[in-house]
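In case you want the letters, here they are:
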Amino acid sequence: MRLSQYFLPLLRENPSEAQIVSHRLMLRAGMIRQSSAGIYSWLPLGLRVLKRVEQIVREEQDRSGAQEILMPTIQPAELWRESGRYDDYGKEMLRIQDRHDREMLYGPTNEEQVTDIVRGAIRSYRDLPKNLYHIQWKFRDEVRPRFGVMRGREFLMKDAYSFDVDAAGAKHSYNKMFVAYLRTFARMGLKAIPMRADTGPIGGDLSHEFQILAETGESAVFCDRRWLETAALADDVDYDSDLEPLFRKWTALYAATDEIHDPQNCPVPPEDLVTARGIEVGQTFYFGTKYSVPLGAVVAGPNGEEVPLEMGSYGIGVSRLVGALIEANHDDAGIIWPDSVAPFRLGLVNLRAADAKCREAAGDLYAKLRQAGVEVLYDDRDESPGAKFAAMDLIGLPDQLIIGPRGLAAGTIECKNRRSGARQDLPLDAAVARFVAA
Ligand code: 5CA
């Protein structure tokens, strides 16, 4: 992509409405624009990151055996009356009336909707287990939308729903999602700590919040000091094996959110307890038959008896993750994307757009990299070197290739790593080879 043609409305000043660094940087880097409180448009650069985050989430869901569907954003109120949540959910739910005065709502979550799909389609325990997920926009009329995409009113969520014939099966399904979450966040270079959590309006008695420690996090969390030295899960996992040992290993060290944490009965002595802030990037729930019983989602069990489905639900804040990634990866100059979610792999900077030789060399390099399938953002604008460096650092692509007249005379190009700041002069061809191989 040529920057001269790209829609990248950068802001020079810090927007006054943004209180935390990720919100500031998303606005300044031209990733998002606010539409109304807690509701955002995603511009080209931001959308690229959102899609990459979404794709990692999707791949790890698929790997664990979950199957993707797509449910609507608008749901009928009757379904929520069946579960009893239409009244319980309160003002956070956006209620709508259609032209026939039918009551509808913009889904804040989909337990009822998915249970309705499954109750009509699965009749026997032989068709279980199943885990269905979708990646869809949700609406919650939050009292205090804030921090940009971190606490929005409209936000993108991956939500998965598992169906089993008994509690043992449901726990295995829970463990699969639990492990898939560890892998998902690890692939983004994030350490998300699974913490025992309250279940809130979703219900149930087993729940974990996946929290990324960050000063700007909205949750108050507590964990064993040893969590700070624990590396993220990187291994491959056989999802058909017994995952209980892995689940135990990753829940052995104490970690809890403040709704659950009880200082009187905490197993960790105060000197080994970390009190911190966290960003909740995902939450898992096991709630058994809370929805299947009222909605009549039953199957024929092994002895022909009717059994209500055992269910769990599992959410990941896809749009929130974009903010969380920036909170965890930035410096004074701007964003520093991990490779796995970067909007482009590489920035190519031509320091002298007016110089024919520089233009030719940069154009040639751009063509070669694109041909080799490397995603490049090519700054071909006629701007000062200072402005170009600042823009590249702000948008945070993992590596920058810088072409200028001096290097070119010697047949070299400068390669700068955004994270380490390390610079290296490379022969032109070596620069191509390095990123084509990577
Ligand atoms: N049905 C369950 C799981 S599928 C559910 O809705 N869980 S949740 O309420 O915990 O939401 C799942 C995830 O969505 C959260 O962990 C959080 O990362 C994200 N999320 C929730 N509310 C917001 C919000 N207002 N803005 C951005 N992300 C949010």
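Residues numbered from 1 in each chain as written. Predicted model: local features only at pLDDT ≥ 70, side-chain atom pairs only at ≥ 80, totals over all residues. Heavy atoms only, no water.

A. Molecular detail of the pattern of salt bridges. One pass over the structure, following the stated rule, counts 32 salt bridges. A salt bridge links Glu-59 to Arg-187; its shortest N-O distance comes to 2.8 Å. Linking Glu-59 in helix H2 (residues 44–63) with Arg-187 in helix H6 (residues 167–187), this pair joins segments that are 128 residues apart in sequence. A residue is classified by how much of its surface remains accessible, and Glu-59, at 30% relative accessible area, is partly exposed. In this structure Arg-187 comes out as partly exposed when scored by relative accessible area, which is 31%. Residues Lys-388 and Asp-379 are paired through a salt bridge, measuring 3.8 Å at the closest nitrogen-oxygen approach. The exposure classification of Lys-388 matches that of Asp-379, with both residues buried. Three or more residues are tied together by salt bridges with common partners; here these are Glu-59, Glu-60, Arg-63, Arg-183, Arg-187 and Asp-236. (Salt bridge = Lys/Arg side-chain N within 4 Å of Asp/Glu carboxyl O. Helix = DSSP H or I, 4+ residues; strand = E, 2+ residues; numbered from the N terminus. Buried < 20%, exposed > 50% of the residue type's maximum accessible area, 1.4 Å probe, protein only.)

B. Representation of the nonpolar core within the structure. Met-31, Val-53, Phe-185, Met-188, Val-281, Val-322 and Trp-337 are the most contacted members of the largest nonpolar core, which has 82 residues in total. Counting residues per element, this core draws most heavily on H6, which supplies 9 residues. Two domains each put at least three residues into this core: domain 1 (21–335) and domain 2 (344–437). Filtering out sequence-adjacent residues up to four positions away, Met-188 remains in contact with Val-53, Ile-56, Val-57, Leu-321, Leu-325, Pro-338, Ser-340 and Val-341. One finds Ala-361, Leu-401, Ile-403 and Leu-426 within the second-largest nonpolar core, a separate group that totals 20 residues. (Core = buried A, V, L, I, M, F, W, Y, C linked by side-chain atoms within 4.5 Å. Domains from an automatic or database assignment. Contact = heavy atoms within 4.5 Å.)

C. Representation of the site of the ligand within the structure. Close contacts around the ligand come from 22 residues, with Thr-109, Glu-111, Arg-140, Gly-152 and Glu-280 the closest. Here a nitrogen atom of the ligand and a side-chain polar atom of Thr-109 are 2.7 Å apart. One nitrogen or oxygen atom from the side chain of Gln-283 is found 3.2 Å from an oxygen atom belonging to the ligand. Within the residue set of the shell around the ligand, elements represented by two or more residues are strand S8 (154–164), strand S13 (273–288) and strand S16 (310–317). Ranked by residue count, the leading element in the shell around the ligand is S13, at 5 residues. (Near = heavy atom within 4 Å. Polar contact = N/O pair within 3.5 Å; in protein donor to acceptor, adjacent residues only side chain to side chain.)

D. Expanded view of the sheet that holds strand S6 (residues 103–106). Spatial ordering of the open sheet is given by S4-S6-S5, a layout of 3 strands whose pairing is antiparallel. Two strands lie at the open edges of the sheet, namely strand S4 (74–76) and strand S5 (94–97), each paired on one side alone. Looking at each pair of strands side by side, their axes are set apart by 35° on average, direction ignored. Relative to S6, S4 runs antiparallel, the two sharing 3 bridges. Counted as the bridge partner of Ile-74 is Tyr-106 from S6. (Pairing = 2+ DSSP bridges. Axes fitted to C-alpha atoms, helices over the stretch in contact; angles between N-to-C directions.)

E. Spatial organisation of the packing of H2 against helix H9 (residues 318–328). H9 packs onto H2 with a crossing angle of 110° between their chain directions and a minimal axis gap of 9 Å. On the basis of their axis angle, the class for H2 and H9 is roughly perpendicular. Classified by chirality, the crossing of H9 by H2 is right-handed. Taking contact as the criterion, the partners of Val-49, Leu-50, Val-53 and Glu-54 in H2 are, on H9, Val-318, Ser-319, Leu-321, Val-322 and Leu-325. (Parallel < 35°, antiparallel > 145°, perpendicular 65-115°, else oblique. Left-handed = near helix turned anticlockwise from the far one by under 90°.)

F. Broad picture of the pairing of S5. Where S5 and S6 come together, 4 bridges link them in antiparallel fashion. Bridging from a neighbouring strand, Gln-97 pairs with Glu-103 of S6. What sits between S5 and S6 in their antiparallel hairpin is a turn of 5 residues, with Asp-101 showing a positive phi close to 65°.

G. A look at the sheet that holds strand S22 (residues 412–417). Ordered in space as S20-S19-S21-S22-S23, the 5 strands form an open sheet in which the pairing is mixed. Since the sheet does not close on itself, it has two edges, and those belong to strand S20 (376–379) and strand S23 (423–427), each with one partner. Strand-to-strand, the axes of this sheet are offset by a mean angle of 25°, without reference to chain direction. Across 5 bridges, strand S19 (residues 346–350) lies against strand S21 (residues 399–403) in parallel orientation. Within S21, the position partnered with Asn-350 by the bridge is Ile-403. Against the sheet, helix H10 (residues 356–371) engages S19, S20, S21 and S22, with an angle of about 165° to S19. Taken strand by strand, helix H11 (residues 385–395) contacts S19, S20, S21 and S22, and its axis lies near 175° from that of S19.

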